[in-house]
Amino acid sequence: MKLKIGNLELKSNIILAPMAGFSDTSFRQTVRNFSKHCLVCTEMISSEALMWNKSQDICQAEKIEKPISYQLSGHKVDLMTKGALKIEPLADIIDINMGCPVAKIVKNQDGSALMKNPQLAFDIVKEIKSVIKKPLSIKMRLGFDNNSKNYLEFAQKMEDAGADMITVHGRTRSQMYSGEVDYNAIKEIKNTVSIPIIANGDITSLEKAIQVLEITNADGIMIGRGAIGQPELIYRIEHFLKTGEILPELSLKERINILISHLNLELKYYREPINALKFMRKFYAHYIREVRGASQYREKLVKAENFDEIFSILEEISNTNN
Ligand SMILES: Cc1cc2nc3c(=O)[nH]c(=O)nc-3n(C[C@H](O)[C@H](O)[C@H](O)COP(=O)(O)O)c2cc1C
């Protein structure tokens, strides 16, 4: 259950993944309301944007979110180092994005493009490590594509450069977010390096979490999409690992109440209700996926233009799914 990353000792080995466009402070706080100890991660923060002070919103976090990891993206050693120094006072740990597959990011030589340039990745980690005191982790994939799976050499190089932990999304860049996750490859990495290894990819239930921990023998797991609409998942896994007890699933009423408190948090940070409503549109389908007639309700929620409309749709969902 515990996880030691450099000089940082965590009471939980489950981590909430960085997810651009999803894991803002409100979402992280929604997860934190259940799990008091899991590490949560910010969305990736561009080292370039950071230098131009264009990242205030994305850097926003509250004390209750701690322990929190700030994730940096970029590829220029000097900018990445300056960026790391800038966010170090906010962070408990800094993470480097070496896994993002999005074309715009890769074209810029950032994210998973770094897996094609292990020496540059090495230089970035080594240089940042030489200036910061907080732990430094990296997040990688298995390689760029099926013909260039360099995960073992790459992970070893990151350890040699001074990384304190590695999270592995068990896919290549060309797989993007679908296709099979290779948990055996994550196990190979675990058997190769001595720093903590975190397994990531398609962990969406307690059963899958237990299975992945068993297959990979990883020091922990990271959960992304599985926590969207299920912010209690990390806590359920932690509770099982600690006690062996399987907590009952949340009732629909409880899940709807979580949706409402998530929405209220978004409102607090967005201030303009319409912006909070727009941001929440991508979450509705996930919160109500178990509901009868989910797709029709989702459509109504997405079209709603004020909170009263949202509340009356949620009430209708509760009443018709009793
Ligand atoms: C919408 C979305 C945004 C993401 N943004 C980031 C990001 O900013 N940084 C990062 O390292 N990974 C990002 N990822 C990848 C996730 O952190 C994670 O590695 C991936 O989704 C696989 O885990 P999962 O199956 O548990 O979601 C993102 C994934 C999604 C779906």
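All values derive from a computational prediction rather than experimental measurement.

Q: Mind showing me how you'd approach the overall build of the protein chain here?
A: If you tally the helices and strands in the protein chain, you get 14 helices and 10 strands. For 322 residues, the compact-globule estimate of 2.2 N^0.38 gives 20 Å, and the protein chain sits close to it at 20 Å. The principal-axis extent of the C-alpha atoms belonging to the protein chain is close to 60 × 45 × 35 Å. With 322 residues in all, the protein chain has 55% of them scored as buried. Intrachain contacts of the protein chain at a sequence separation of at least 6 include 67% that bridge at least 24 residues. By element, 50% of the accessible surface of the protein chain is carried by carbon and sulfur atoms, the whole surface being about 14500 Å².

Q: Where do I start with the pairing of strand β10 (residues 220-223) in this structure?
A: Judged by which residues are buried, β10 turns out to be covered on both faces: Gly220 and Met222 on one side and Ile221 and Ile223 on the other are all buried. As judged from the 3 bridges shared by strand β3 (residues 14-16) and β10, these two strands associate in the parallel manner. Looking at the pairing, Ile15 lines up with Met222 of β10. Here 3 bridges tie strand β9 (residues 197-200) to β10, and the two strands are oriented parallel to one another. By the bridge assignment, Ile198 is partnered in β10 with Gly220. The β-α-β motif built from β9, the intervening helix α9 (residues 206-216) and the parallel element β10 has right-handed crossover chirality.

Q: Could you clarify how one ought to interpret the side chain of Gln71 in this entry?
A: Turning to its location among the elements, Gln71 is positioned in strand β5 (residues 68-73). Look at Gln71 and you get buried, because its relative accessible area is 2%. A polar contact of 3.3 Å, which involves the side chain of Gln71, links it to the side chain of Asn97. The contacts of Gln71, once residues within four sequence positions are left out, are Pro18, Thr42, Glu43, Met44, Ile45, Asp95, Ile96, Asn97 and Lys139.

Q: Sorry, what's going on with unusual backbone geometry here?
A: The omega angle of the peptide bond from Lys66 to Pro67 is 0 degrees, so this bond is cis rather than trans. Assignment of secondary structure puts Pro67 in the loop between α3 (56-59) and β5. Phi at Arg271 takes a positive value of approximately 65 degrees, unusual for a residue other than glycine. Here Arg271 shows up in the loop between α11 (252-270) and α12 (273-287). Arg271 gets classed as exposed once you look at its relative accessible area, which sits at 69%.

Q: How should I be thinking about the packing of helix α8 (residues 183-192) against α9 in this particular structure?
A: The geometry of a pair of packed helices is captured by two quantities: the angle between their axes and the separation between those axes. Remark: α8 packs on α9, axes separated minimally by 8 Å, with the N-to-C direction vectors making an angle of 45 degrees. It follows from the interaxial angle that α8 and α9 lie oblique. Residues Tyr183, Asn184, Ile186, Lys187 and Lys190 of α8 lie in contact with α9, whose contacting residues are Lys208, Val212, Ile215 and Thr216. Residues belonging to the contact of α8 with α9 are distributed by class as follows: 4 nonpolar, 2 polar and 3 charged.

Q: Could you clarify how one ought to interpret helix α10 (residues 233-243) in this entry?
A: For the α-helix, the turn length of 3.6 residues means that residues three or four positions removed from each other point alike. Within the span of α10, buried status applies to Leu233, Ile234, Arg236, Ile237, Glu238 and His239. Of the surrounding secondary structure, the elements contacted by the buried residues of α10 are β3, α1 (25-32), α9 and β10. Immediately downstream of α10, the backbone of Gly244 shows phi near 80 degrees, a positive value.

Q: What is the right way to read the nonpolar core from this model?
A: What tends to happen in soluble globular proteins is that the nonpolar side chains get buried as a cluster. Counting 85 residues, the largest nonpolar core has Ile138, Met140 and Ile221 as the members making the most contacts within it. In contact with Ile221, other than residues within four places in its own chain, are Asn13, Ile14, Ile15, Ile198, Ala199, Ile203, Ala209, Val212, Leu213 and Ile237. Counting 12 residues, the second-largest nonpolar core is a separate cluster that includes Leu8, Leu10, Cys41 and Ile93.

Q: Help me understand the pairing of β9 in this model?
A: Regular strands have side chains that alternate between both faces of the sheet. Burial along β9 is two-sided: Ile197 and Ala199 and Ile198 and Asn200, pointing in opposite directions, are all buried. Where strand β8 (residues 165-169) meets β9, 4 bridges bridge the pair, whose relative direction is parallel. Residue pairing across strands places Thr167 opposite Ile198, the latter belonging to β9. Each parallel crossover has a hand, and the one from β8 via α8 to β9 is right-handed.

Q: Would you explain the environment of His75 in this entry?
A: Along the chain, His75 turns up in the loop between β5 and α4 (77-87). Residues His75 and Ser46 lie 29 residues apart in sequence; the distance between their C-alpha atoms is 9.7 Å. Not counting residues within four places of it along the chain, the set of residues in contact with His75 comprises Met80, Asn108, Gln109, Asp110, Leu114, Leu120 and Ile124. A polar contact is formed between the side chain of His75 and the side chain of Asp110, at a distance of 2.7 Å.

Q: What am I meant to see in the sheet that holds β5 here?
A: Two orientations exist for strands paired in a sheet by backbone hydrogen bonds: parallel and antiparallel. On the basis of which strands lie adjacent, the closed barrel formed by 8 strands has the order β3-β4-β5-β6-β7-β8-β9-β10 and parallel pairing. Between one strand axis and the next, the sheet turns by 25 degrees as a mean value, whatever way the strands run. Judged from the 5 bridges that link them, strand β6 (residues 93-98) and strand β7 (residues 136-140) form a sheet pairing that is parallel. The residue of β7 that forms the bridge with Ile96 is Ile138. Sheet strands touched by α9: β9 and β10. Its angle to β10, the strand with the most contacts, is close to 135 degrees.

Rules of the game
Residues numbered from 1 in each chain as written. Predicted model: local features only at pLDDT ≥ 70, side-chain atom pairs only at ≥ 80, totals over all residues. Heavy atoms only, no water. Helix = DSSP H or I, 4+ residues; strand = E, 2+ residues; numbered from the N terminus. Rg over C-alpha atoms; globule rule 2.2 N^0.38 Å. Buried < 20%, exposed > 50% of the residue type's maximum accessible area, 1.4 Å probe, protein only. Contact = heavy atoms within 4.5 Å. Areas by Shrake-Rupley, 256 points an atom, 1.4 Å probe, with all protein chains shown as cover. Pairing = 2+ DSSP bridges. Right-handed = clockwise from strand over helix to strand, strands pointing away. Polar contact = N/O pair within 3.5 Å; in protein donor to acceptor, adjacent residues only side chain to side chain. Axes fitted to C-alpha atoms, helices over the stretch in contact; angles between N-to-C directions. Parallel < 35°, antiparallel > 145°, perpendicular 65-115°, else oblique. Nonpolar A, V, L, I, M, F, W, Y, C, P; charged D, E, K, R; others polar. Core = buried A, V, L, I, M, F, W, Y, C linked by side-chain atoms within 4.5 Å.

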